[in-house]
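Descriptive structure summary
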Amino acid sequence: MKNNETLYLKIAKIIEDQIHHETLVMGDKLPSVRSAQKLYNVSLNTIKQAYLELESRSLIESRPKTGYYVSKSALRSMALPTIANINHLESKNTPEDLIDKVFGTINKSDVTQFALGIPGSNFLPIAKLNKGIANAVRIRNDAGTAYEPVQGTEELRRAIAKWALVMEGKITEDDLVITSGAMSAIYNALMATTSPGDSVAVESPAYFGILQAIKMLGLKAVEIPTHPLYGLDLDVLKKVMPEISACCFVSNFNNPMGFQMPDENKRELVRMITAYNIPLIEDDIYGNLYFGTERPKPCKFYDEAGLVLWIGSVSKTLAPGYRVGWIAPGKFKDKIIRQKLVQTVCNSSLYSDVITDFLEHGRYDHHLRTFRNKLYSNYLQINRAVESYFPDSTKISQPKGGFMLWLELDERISTTDLHNTALAQKINFAPGRIFSQHNQYNNCMRLTYALEWNERVENDLKKLGRLAKNSI
């Protein structure tokens, strides 16, 4: 298996080098899978894996019935965002009002939503979910009015454990606690692992919901700089380890940068937290939305000490409004259950039944494949639009999955001011300032591409790019 994996990566690297050296240029057709098999004298599966790997990096694209071609995004005209030099002394202009403004348009259908981290309804199996609700009401004698166990129904926990194939059997239904979405799980995990006044390490830029939860609990966020492709700077994290009580990271397709931590970095991160006996809260809600050949491992996979609290949810893949999430809290399980009993007692039994049924009988794997294909197609579209319409100096992230794109604009542009102008034209995005507790990322923005791609979306990106150019 290891040799096979190495072989397809070697072939992918050869083709990648040919693209970067312009031996292969945009629009060139690659050899067919069978031709490449003969050329490299390997199995068909190895070539397919190599091509899928190149596809996941946006270096090549598949065109129905014609084959694989070098994609436009292979020849990136825009650089990657810079790694932040975090100024811990600059903490003015707290972004709460800006966050409220971004979320204030959540129900407005006349606003093009590049801001919100939720999938558009066209991505979701709504007809199947509606059928699931009707079935759940019919089957249940109480029509979903009764309490379910505090830990969550055994059926739902078992279904989630079965779907956690990436854990290779290391997670069972007994390890899981059902929560009201991922944010509830994060909030409870922070409560279980820290006390007021403690410091928590987070990525920078960081999802603003995590920063707000840390602040509300009387904790201090310590921002760790991240590389746009590889994530956390582990050397910086190691220096602050003696000062922190917990870590809270999104290791797969981070929000907002979209990076995927390499497996060796995840192993090293788990080794570090184990050595210091520091819990890691791992938000893995985007893990199933990968563009490559397989779902990346979470840090939890490498955890032997029960220090990683692994969090998931169906909010990004299936049903945002159902608020069904979960946590595998390791050694903190009893504490999490007690906290949940005090806070919410239990989840909605009706929605638990619907999600259980979908995981068991709704062809979740088929839905995820379709979803990922749409997301990848949208990623290529939004990448092309940004390169076409935004200032040439724009720097753009290169996500390996998820549905967030991070842009770094000319330093003369305030994306907070740009947001005000864009919102007046019914265009909403997330200004970079909300992704830090410090006064930074003021020339950055996050765009969501999990929405139906149509002429209006394209035109509004064109408008946004024009507004950005006019701001210089």
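Before any of the text, the structure's been laid out above.
It should be emphasised that the depicted structure is a prediction, and the values quoted were computed from it without experimental measurement.

**Observations concerning the pairing of strand 16 (residues 444-448)**
In summary, the side chains of a regular strand alternate between the two faces of the sheet. Counted residue by residue, strand 16 has five buried out of five residues, so it is predominantly covered. Burial of the side chains of strand 16 extends over both faces: Cys444, Arg446 and Thr448 are buried on one face and Met445 and Leu447 on the other. In terms of strand pairing, strand 15 (residues 430-431) meets strand 16 through two bridges, oriented antiparallel. Along strand 16, the bridge assignment pairs Pro431 with Met445.

**Let's talk about the pattern of salt bridges**
Under the criterion given, the structure shown has 17 salt bridges. For Arg63, the salt bridge identified is with Glu61, shortest N-O distance 3.4 Å. Overall, the relative accessible area of 22% leaves Glu61 in the partly exposed class. Between Asp410 and Arg412 there is a salt bridge, and its shortest N-O distance comes to 2.9 Å.

**Things to note about the packing of helix 4 (residues 96-103) against helix 8 (residues 208-216)**
Direction vectors running N to C along helix 4 and helix 8 enclose 135°, while the axes themselves pass 12 Å from each other. On the basis of their axis angle, the class for helix 4 and helix 8 is oblique. Here helix 4 and helix 8 pass one another in a crossing that is left-handed. For the pair formed by helix 4 and helix 8, the contact residues are Glu96, Ile99 and Phe103 on the first element and Phe208, Gln212 and Lys215 on the second. Taken together, the residues of the contact of helix 4 with helix 8 sort by class into three nonpolar, one polar and two charged.

**Things to note about the packing of helix 5 (residues 126-139) against helix 12 (residues 349-361)**
For the pair helix 5 and helix 12, interaxial distance at closest approach is 9 Å and the crossing angle is 120°. As judged from the angle between their axes, helix 5 and helix 12 are oblique. Here helix 5 and helix 12 pass one another in a crossing that is right-handed. Together, Lys128, Leu129, Gly132, Ile133, Ala136 and Val137 of helix 5 and Leu350, Tyr351, Asp353, Val354 and Phe358 of helix 12 make up the contact between the two elements.

**A few points about the side chain of Glu458**
In this fold, Glu458 is placed in helix 15 (residues 455-470). Overall, the relative accessible area of 15% leaves Glu458 in the buried class. Look past the residues within four positions of Glu458 in its chain and what remains in contact with it is Arg384, Tyr389 and Trp453.

**Here's the deal with the packing of aromatic side chains**
By the definition in use, this model includes 16 aromatic pairs. Relative to Tyr441, the ring of Trp406 has its centre 5.7 Å away and its plane inclined at 80°; by these criteria the two rings are edge-to-face. Highlighted residues: Trp406 in strand 13 (residues 404-408) and Tyr441 in the loop between strand 15 and strand 16, separated in sequence by 35 residues. For the pair Trp406 and Tyr441, one class covers both residues: buried. Over the ring of Phe301 we find Lys170, and its NZ or CZ is 3.9 Å from the ring centre. Here Lys374 stacks its cationic end above the ring of Phe123, 5.6 Å away from the centre of that ring.

**Structural notes on the sheet that holds strand 12 (residues 395-396)**
Spatially, four strands are ordered 12-13-16-15 in an open sheet, and the strand pairing comes out antiparallel. The open sheet is flanked by strand 12 and strand 15, the only strands paired with a single partner. Alignment of strand 13 against strand 16, held across five bridges, turns out to be antiparallel. For Glu408, the partnering residue across the bridge sits in strand 16 and is Cys444. Against the sheet, helix 13 (residues 364-389) contacts strand 12, strand 13 and strand 16, and its axis sits at roughly 15° relative to strand 13.

Parameters at a glance
Counting from 1, residues in each chain are numbered in the order their sequence is written. At least 70 in pLDDT is required for a residue's local features to be given in this predicted model, at least 80 for side-chain atom pairs to be given and counted, and no such filter applies to totals for whole chains, interfaces and linings, which use all residues. Computation of side-chain values: all heavy atoms of the structure, hydrogens and water removed. Exposure classes here rest on a 1.4 Å probe applied to the protein chains alone. A residue is buried below 20% of its type maximum, exposed above 50%, and partly exposed in between. Working definition: helices are DSSP H or I runs of at least four residues, strands are E runs of at least two. Numbering for both runs from the N terminus. Only strands joined by at least two bridges in the DSSP assignment are considered to pair. We count a salt bridge whenever a side-chain nitrogen from Lys or Arg sits within 4 Å of a carboxyl oxygen from Asp or Glu. Every axis in this analysis is a line fitted to C-alpha atoms, fitted for helices over the stretch in contact. Angles between the N-to-C directions lie between 0 and 180 degrees. Relative orientations are named as follows: roughly parallel for angles under 35 degrees, roughly antiparallel for angles over 145 degrees, roughly perpendicular for angles from 65 to 115 degrees, and oblique for any other angle. Take the far helix as the reference: if the near one is turned anticlockwise from it by less than a right angle, the crossing is left-handed, and if turned clockwise, right-handed. Whether two residues are in contact is decided by their heavy atoms, any of which lying within 4.5 Å being enough. Note that Gly is not counted as nonpolar here; it falls among the polar residues with everything else outside the nonpolar set of Ala, Val, Leu, Ile, Met, Phe, Trp, Tyr, Cys and Pro and the charged set of Asp, Glu, Lys and Arg. Classification of ring pairs rests on two measures: the distance between centres of Phe, Tyr or Trp rings, Trp counted by its six-membered ring, which must be within 6.5 Å, and the angle between planes, read as stacked under 30 degrees, edge-to-face over 60 and tilted in between. Criterion for a charge above a ring: Arg CZ or Lys NZ at most 6 Å from the ring centre, at most 35 degrees from the ring normal.

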